[in-house]
There are 2 protein chains.
Amino acid sequence: MSYKTILVIADGMADRPIKELESKTPLEAATKPNLDHIAKHGICGIMDPIAPGIPPGSDTSTLAILGYDPFKVYSGRGALEAEGSGVEVLPGDVAFRCNFATVNKDLVVLDRRAGRIANEDAAKLATSLGKIRLQPFLRIRYQFKNTVQHRAILVIRGPKLSSAVSDSDPEAIGKKVLDIKPLDNSVEAKRTAQIVNMLIHSFHEVLSKHPVNKLRAESNLPVANMILCRGAGNIPRIPTLQEKYDIKPACVAAVSLIKGVSKIAGMDLISVKGATGTVQTDYMAKAKAAVQSLKKHDFVLLHVKATDVASHDGNVKLKIEIIEKIDKMLGYILSNTDADSTIIAVTADHTTSLATRNHEGDPVPIMIMGPGVRCDDVVDFGERTCAKGGLNRIRGLDLMPTLMSLMGKTKKFGA
Amino acid sequence: MSYKTILVIADGMADRPIKELESKTPLEAATKPNLDHIAKHGICGIMDPIAPGIPPGSDTSTLAILGYDPFKVYSGRGALEAEGSGVEVLPGDVAFRCNFATVNKDLVVLDRRAGRIANEDAAKLATSLGKIRLQPFLRIRYQFKNTVQHRAILVIRGPKLSSAVSDSDPEAIGKKVLDIKPLDNSVEAKRTAQIVNMLIHSFHEVLSKHPVNKLRAESNLPVANMILCRGAGNIPRIPTLQEKYDIKPACVAAVSLIKGVSKIAGMDLISVKGATGTVQTDYMAKAKAAVQSLKKHDFVLLHVKATDVASHDGNVKLKIEIIEKIDKMLGYILSNTDADSTIIAVTADHTTSLATRNHEGDPVPIMIMGPGVRCDDVVDFGERTCAKGGLNRIRGLDLMPTLMSLMGKTKKFGA
């Protein structure tokens, strides 16, 4: 028998008890018959994506959950997001996450997102920004690409570059754009900082005179006259999941960051119409795509961002609604996969607290249903019920070996 | 909301079931309504201070519980105890824990504690021991200080010293005082051993002729004619808790060792009148001091030694009584802190078995109550009830990140 695995990660779904819900968590308060069905027929546990008490980012957590130690391979979000946006990042390149922003003549930030500029405007501006001529002796090439709304990617390529440079994004309105500074004493970091500062200056010049911005000003829209850069990073060199486990993996995700992590892990990225990474994403289209891709793949990661969005907004009701939509996705998956050969795992990449609106270091619930699983007596899926489950408390890095062992894809250590 | 944490460590409180208590542990047998209240309204678990099965010292355990990996930073108890006794230890210094002892003319130990010599006598002897002239070419300075009763500290300072030297304390009556030997082949270790052996010889000469000892002999008290040295160590260089977590920490503890660990972790040491580190300590004065210091600090470690003392003495009844006194301390803390902003954690630094009278490698119970905690269904505080709690099984090193995450003081790893 050959087994297939579908791993559902609900971003920031785990939470803390809140008074508003009579000291329940949103997951505990939600109506979720399908999630509970999996808990009842599977094995449950709690999982520290990184380690107890450490609030993970979605990038570091997803790396860990896919079996890559983020302490060894992670060097900033930029490169992962670039990969996920379809911008090629080669080893040695330095990638930044960027925002189109609005600044005044003193370079003080007035709007970090240039009024959440529309994709069409951003695309036109990005095209112009791609044409700046750098002095040839620098031997630098760069790529600038807009992604969604105000978000964009900058990748620079050439000799002697380093990701050890600071951000230009002050991450607050009313503050001046920062100079990018080297974070160590290396020649590479100094050179990289100089080049990126130079580019940002040129971007500002081009943007300030750009016809799109003239039209925006005339329409009383915030002009996108600055590019803010942050999260400099290199692409980690890691063995793919095929290489590690001899599986054929795919990823159904909308947000660039998760797509980037999945791509460097060697997963096929499945595009889904209507999957947006927002609260209004087409949940069922993603579930269908995941089930569909199980035909040609044997490991599918299905990622839903919306739970995290609702948490960061502190929207209790919405978070519960989204969990209930995720439950329906699992209903579809349960009805359309073969129970005798499919392993279904559900977890969150981190706790995002509705109360603090931040990622927190609490463990997340995890459950695994499928052939061979040592089903325990947990009958509903929640942060606290899972803590009593048969998996006890594991780490993010433990999950892939656990799943791969159930799939018969792990190699014996010893004789 | 800004949160405050009070962490209570009852030294050696955890135990094994004993027949005398109908196979309960002392903690399970004690009447402890306040500890049980915290268990009921908090999250419980078991914790391996170092790792499963490893019996920790109070020093290594407290280091781990405060977030410092003892395998990386610990090099012997001497330096920590010296720091806690108010003796300055600089990087490079080598510190020893010492005992005033009684030996016969063949240097065979008759009493390892010189009849638990009174502080006054020890102080007079220590003053004389501080005045020995070493050969100038050695470029060595040293400090010798008595602490409580027979206990004392020796710190040597100078070039080319090493803590890789053995003890002179044979740790048994009837055995001869040992030569201190280098534990590796380094020049530094050989030189350190020579110097300390020389000092010990000089100490013996001074003590043998000392008027205090003549008076002691006349009064039929054991003479304090030898200094036994053990636990050579350097001071670890570690970032303070302020640096790591941006908190303002304080420690309420009576024993030098815990004060030393706390001091190098950057904690303010709070002196409490009547706090002795013995069974007769003023428990309530310590509880009051801890609550009081929460006004100017946001993290307070409250350490109680007495549970360990009773355990080493094999005194079942006394251990239970002390646990019940600690319960009353928690009652005071509960009544005098704000439940909406205070995190209360209670644990032990290790298991000390009444049966074996030794530190053992069993895990310790741990519980945490406070805002945001995922309260579990454990309703009483014990070694076995806590094993069913929502924290499952953690390590000592996991505790600070867990508490700091609840306080909102951990930094996100990733984006």
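This structure is a prediction, so every number in the text was calculated from the model and none was measured. (Residues numbered from 1 in each chain as written. Chains lettered and ligands numbered in written order. Predicted model: local features only at pLDDT ≥ 70, side-chain atom pairs only at ≥ 80, totals over all residues. Heavy atoms only, no water.)

1. Topic: the packing of aromatic side chains
Part 1: Following the criterion strictly, the structure yields eight aromatic pairs over all chains and no others.
Part 2: The interplanar angle of 80 degrees and the centroid separation of 5.8 Å between the aromatic rings of tyrosine 74 of chain A and phenylalanine 413 of chain B together place this pair among those described as edge-to-face. A residue pair is termed interchain when its members come from two chains, as with tyrosine 74 of chain A in the loop between α4 (70-73) and α5 (77-84) and phenylalanine 413 of chain B in the segment after α14 (396-406). Both residues of the pair, tyrosine 74 of chain A and phenylalanine 413 of chain B, belong to the buried class.
Part 3: Within the aromatic cluster, the residues linked to one another by ring pairs are Phe100, Tyr142, Phe144 and Phe203 of chain A.
Part 4: Its guanidinium or amino end placed over the ring of tyrosine 68 of chain A, lysine 244 of chain A lies 4.4 Å from that ring's centre, counting from NZ or CZ. (Phe/Tyr/Trp six-rings, centres within 6.5 Å; stacked < 30°, edge-to-face > 60°. Helix = DSSP H or I, 4+ residues; strand = E, 2+ residues; numbered from the N terminus. Buried < 20%, exposed > 50% of the residue type's maximum accessible area, 1.4 Å probe, protein only. Lys NZ or Arg CZ within 6 Å of the ring centre and 35° of its normal.)

2. Let's talk about the environment of asparagine 104 of chain B
All names here are of chain B.
Part 1: For asparagine 104, the location among the structural elements is in the loop between β3 (94-103) and β4 (109-111).
Part 2: Using a relative accessible area of 26% as the deciding quantity, one classes asparagine 104 as partly exposed.
Part 3: With 121 residues separating them along the chain, asparagine 104 and asparagine 225 place their C-alpha atoms 8.8 Å apart.
Part 4: A distance of 2.8 Å separates a polar side-chain atom of asparagine 104 from the backbone nitrogen of aspartate 106. (Polar contact = N/O pair within 3.5 Å; in protein donor to acceptor, adjacent residues only side chain to side chain.)

3. Some points on helix α5 (residues 77-84) of chain B
Residue and element names in this part refer to chain B.
Part 1: For α5, the buried fraction is high: seven of the eight residues fall into the buried class.
Part 2: Looking at the buried positions of α5, the neighbouring elements they touch are α3 (58-65), β3, β6 (151-157), β7 (226-233) and α10 (256-264).
Part 3: Once α5 ends, the next one or two residues include glycine 86, with phi positive near 85 degrees. (Contact = heavy atoms within 4.5 Å.)

4. A short note on the relation of the copies chain B and chain A
There are two copies of the chain, and a rotation about an axis plus a shift along that axis relates them.
Part 1: It takes a turn of 123 degrees to lay chain B on chain A, together with a shift of 0.4 Å along the axis; the resulting RMSD is 0.3 Å. In symmetry terms, the pair is related by a three-fold rotation axis. Looking at the rotation axis and the C-alpha trace of chain B, the residue lying nearest is asparagine 392 of chain B, at 3.7 Å.
Part 2: The fraction of interface residues of chain B whose copies in chain A are also interface residues is only 5%, indicating that the copies meet through different surfaces. (Least-squares fit on C-alpha atoms with pLDDT ≥ 70 in both.)

5. Here we look at the interface of chain B and chain A
Part 1: With 21 residues of chain B in contact, the opposing surface of chain A contributes 35 residues.
Part 2: In total, about 2100 Å² of surface goes out of reach between chain B and chain A, with carbon and sulfur atoms giving 50% of it.
Part 3: The interface formed by chain B and chain A contains three salt bridges.
Part 4: The partner of aspartate 340 of chain B in a salt bridge is lysine 19 of chain A, and the shortest N-O contact between them spans 4.0 Å.
Part 5: Joining chain B to chain A, the criterion identifies 14 residue pairs in polar contact (both at pLDDT 80 or more).
Part 6: Those elements that provide at least two residues to the side of chain B that touches chain A are β15 (392-395) and α14 of chain B.
Part 7: Grouping the constituent residues of the side of chain B that touches chain A by class yields eight nonpolar, seven polar and six charged. (Buried area = accessible area lost by both parts, 1.4 Å probe. Salt bridge = Lys/Arg side-chain N within 4 Å of Asp/Glu carboxyl O. Nonpolar A, V, L, I, M, F, W, Y, C, P; charged D, E, K, R; others polar.)

6. Topic: the packing of helix α6 (residues 119-129) of chain B against helix α7 (residues 187-208) of chain B
Residue and element names in this part refer to chain B.
Part 1: It is the contact of α6 with α7, at a shortest axis distance of 10 Å, that shows an interaxial angle of 125 degrees. As summarised for this structure, α6 and α7 are arranged oblique, according to the angle between their axes. Relative to α7, α6 is oriented so that their crossing is right-handed. Along its contact with α6, which presents Leu125, Ser128 and Leu129, the element α7 presents Phe203, Val206 and Leu207.
Part 2: When grouped by side-chain class, the residues that make up the contact of α6 with α7 number five nonpolar, one polar and no charged. (Axes fitted to C-alpha atoms, helices over the stretch in contact; angles between N-to-C directions. Parallel < 35°, antiparallel > 145°, perpendicular 65-115°, else oblique. Left-handed = near helix turned anticlockwise from the far one by under 90°.)

7. Section: the nonpolar core
Part 1: Within the largest apolar cluster, 100 residues are counted, with the highest numbers of intra-cluster contacts made by Leu241, Phe299 and Ile368 of chain A.
Part 2: For this core, the leading source of residues is helix α13 (residues 316-335) of chain A, giving nine residues.
Part 3: In this structure, phenylalanine 299 of chain A is in contact with Thr5, Leu7, Leu66, Leu241, Ile247, Lys248, Pro249, Ala250, Met267, Met400, Leu403 and Met404 of chain A, ignoring residues within four places of it in sequence.
Part 4: Counting residues in each nonpolar core, the second largest holds 95 residues, with Ala82, Ile238, Ala306 and Phe381 of chain B among its members. (Core = buried A, V, L, I, M, F, W, Y, C linked by side-chain atoms within 4.5 Å.)

8. Concerning the environment of threonine 25 of chain B
Residue and element names in this part refer to chain B.
Part 1: Turning to its location among the elements, threonine 25 is positioned in the loop between β1 (4-10) and α1 (26-29).
Part 2: By relative accessible area, which is 1% here, threonine 25 ends up buried.
Part 3: Not counting chain neighbours up to four residues away, the residues in contact with threonine 25 comprise Asp15, Arg16, Pro17, Glu383 and Arg384.
Part 4: Side-chain polar atoms of threonine 25 contact the side chain of glutamate 383, separated by 2.6 Å.

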